[in-house]
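For reference, the chains in residue letters:
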Amino acid sequence: MGKKRVIDGLAVLFSLLLLSGCNPDSGPYLEVVYPSGYARTSTTWDELVPVEGTDCQLRAEKAEDYDKTYAYDLQILDGGGVLLYEFPDLGRRTMRGESTENGAVWICSEWWDTIHHNGYLNGTLSKSIILLVDMEDGAVLFQTETGEDQLYLTSEGTRCYFYEPGQESQRHWFGLVETPAQYAQIYYRDIREEEAMHTVYTFDYVDEPEIASYSDSQSRARFYLEGGVIRVVWESTDRVLNEDGKFESVFSEKLVYEISLSGEPHELEWSA
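Residues numbered from 1 in each chain as written. Predicted model: local features only at pLDDT ≥ 70, side-chain atom pairs only at ≥ 80, totals over all residues. Heavy atoms only, no water.

> It is not clear to me how the pattern of salt bridges should be interpreted in this structure. Could you clarify?
Close approach of charged atoms allows side chains of opposite charge to pair. Summed over all chains, the structure comprises twelve salt bridges. Note that R192 and D190 form a salt bridge whose closest N and O atoms lie 2.9 Å from each other. With a relative accessible area of 2%, D190 lands in the buried category. When the shortest N-O distance is used, the salt bridge between D216 and R239 registers 3.2 Å. Placement of the pair is D216 in the loop between β16 (193–202) and β17 (219–225) and R239 in strand β18 (residues 229–241), with a sequence separation of 23 residues. (Salt bridge = Lys/Arg side-chain N within 4 Å of Asp/Glu carboxyl O. Buried < 20%, exposed > 50% of the residue type's maximum accessible area, 1.4 Å probe, protein only. Helix = DSSP H or I, 4+ residues; strand = E, 2+ residues; numbered from the N terminus.)

Below, the structure written as structure tokens:
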């Protein structure tokens, strides 16, 4: 009986920990919104994902060895659903794509550590694989893998733009050395010099701005891609009285950042 009571007590403690904020799916929501209006959110479960600027679509198809590897193949379909190209093990249920002026498409496959959401929670992005695919023959013109929390936003010319949350200041060596806080930022990497990171804009917050209306208010950052400008809109929930006389949580806009992608990127070219 004593052992059973201990086990029951541990189960209750675990449940309380989950309820008290140890939920791995906690954190600000993220959204990426394209000029067409298509948005990728934490609740987007589309089987077919549109490639912005084209009539093509992306699909994640379970690989033949999915039962062992849990891997997906990345498929590109035309507007009628006909398979055009397939890339083994590069597909995810969280993918995005956009066209270039040169007949190629950028594709981003994302690995998120979320349970109850389909990604897009700040601080849960493990990695991304970014591809540049020639739609004439399916050739991969460029491929790279990013690190944790480096959220791909868009590409212009040879530049790929990312959002990365910051890090709080930390103390090391028994508190004798302090690493200063790093603020959230938008930066780009040029595919001709991939290792170099060029900061475009540094925000005035580390992980998220202080916009909460109350202690358990939820927050959300929306990234609007508007051609040469990235508009970042931070929202948080307010308690609003509805028609039934009850309060409900409604997102309200709190902060807006207009970030110009200044400087002309090099024209995207490749050998035919």
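We are not done yet, so read on.
> What exactly am I supposed to notice about the sheet that holds strand β10 (residues 140–146) here?
Strand-to-strand pairing in sheets goes through backbone hydrogen bonds, with the strands running parallel or antiparallel. Pairing is mixed across the open sheet formed by eight strands, whose spatial order is β6-β5-β4-β3-β7-β8-β9-β10. Of all strands in the sheet, those bounded by a partner on one side alone are β6 (83–91) and β10. Averaged over all neighbouring strand pairs, the angle between strand axes comes to 25°, with direction disregarded. With six bridges joining them, strand β4 (residues 57–62) and strand β5 (residues 72–77) adopt antiparallel strand pairing. By the bridge assignment for β5, E61 is matched with D73. (Pairing = 2+ DSSP bridges. Axes fitted to C-alpha atoms, helices over the stretch in contact; angles between N-to-C directions.)

> Please clarify how the environment of V206 should be interpreted in this entry.
The topology assignment puts V206 in the loop between β16 and β17. Beyond its immediate chain neighbours, meaning those up to four positions away, V206 contacts P165, G166, Q167, E168, A181, Q182, Y183 and A184. (Contact = heavy atoms within 4.5 Å.)

> I would appreciate a short explanation of the packing of aromatic side chains in the present structure.
What characterises a pair of aromatic rings is the spacing of the ring centres plus the angle enclosed by the ring planes. What the rule picks out here adds up to 15 aromatic pairs. A centroid spacing of 5.9 Å and a plane angle of 70° characterise the contact between Y152 and F162, whose relative ring orientation is edge-to-face. You can see Y152 sitting in strand β11 (residues 151–156) and its partner F162 sitting in strand β12 (residues 159–164), a full ten residues away along the chain. Note on F162: relative accessible area 3%, which makes it buried. (Phe/Tyr/Trp six-rings, centres within 6.5 Å; stacked < 30°, edge-to-face > 60°.)

> Got a minute to help me understand a negative patch on the surface in this structure?
Taken together, the side chains of E64, D65, D67, E86 and D89 make up a negatively charged region of the molecular surface. Relative to the elements of secondary structure, D89 occurs in strand β6. (Patch = residues over 30% accessible without salt bridge, like charges linked within 9 Å, V, L, I, M, F, W, Y side chains within 5 Å. Areas by Shrake-Rupley, 256 points an atom, 1.4 Å probe, with all protein chains shown as cover. Lys, Arg positive; Asp, Glu negative; His and termini not counted. Charge placed at Lys NZ, Arg CZ, Asp CG, Glu CD.)

> What's the story with the environment of F162 in this structure? I'm lost.
Considered as a pair, F162 and Y187 are 25 residues apart in the sequence and their alpha carbons are 5.5 Å apart. Ignoring sequence-local partners within four residues, the contact set of F162 consists of I130, T146, Q150, L151, Y152, L153, Q185, I186, Y187 and R189.

> Would you take a moment to explain the side chain of T237 for this structure?
Mapping T237 onto the fold places it in strand β18. On the basis of relative accessibility, which here comes to 2%, the residue T237 falls in the buried class. At 2.9 Å, the side chain of T237 and the backbone nitrogen of Q218 are in polar contact. If sequence neighbours within four positions are ignored, T237 has contacts with S213, Y214, S217, Q218, S249, V250 and F251. (Polar contact = N/O pair within 3.5 Å; in protein donor to acceptor, adjacent residues only side chain to side chain.)

> For this particular structure, what's the right way to read the pairing of β17?
Along any regular strand the residues' side chains alternate between the sheet's two faces. Burial analysis of β17 places six of its seven residues in the buried class, the great majority of the element. Relative to β17, strand β1 (residues 29–33) is paired through five bridges, and the arrangement is parallel. Of the residues in β17, the one forming a bridge with Y29 is R220. Bridge count for β17 against β18 is seven bridges, and the pairing is antiparallel. Within β18, the position partnered with R220 by the bridge is E235.

> Help me understand the pairing of β6 in this model?
Examined bridge by bridge, β5 and β6 share five bridges and lie antiparallel to one another. Bridge assignment links Q75 to a residue of β6, and that residue is E86. Counted along the chain from β5 to the antiparallel partner β6, the turn is five residues long, and its residue G81 has a positive phi close to 90°.

> Looking at this structure, I do not really get the nonpolar core. What am I missing?
The tendency in soluble globular proteins is for nonpolar side chains to be buried side by side. Counting residues in each nonpolar core, the largest one holds 46 residues, and the members touching the most others are I76, L151, L153, Y163, F203 and V232. Each residue touching L151, except ones within four places of it in the same chain, is listed here: L30, V32, R96, E110, W112, Y120, L125, Y161, F162, Y163 and F223. Judged by nonpolar contacts, the second largest core, of eleven residues, contains A104, W106, I130 and L268. (Core = buried A, V, L, I, M, F, W, Y, C linked by side-chain atoms within 4.5 Å.)

> Please explain the sheet that holds β1 as it appears in this structure.
In spatial order, the strands read β2-β1-β17-β18-β19; together these five strands make up an open sheet with mixed pairing. Single-partner strands in this sheet number two, and they are β2 (39–40) and β19 (247–260). Both β1 and β2 contribute to a ladder of two bridges, which runs antiparallel. Each bridged residue has a counterpart across the sheet, and for V33 the counterpart in β2 is A39.

Shape descriptors only; they carry no functional weight alone.
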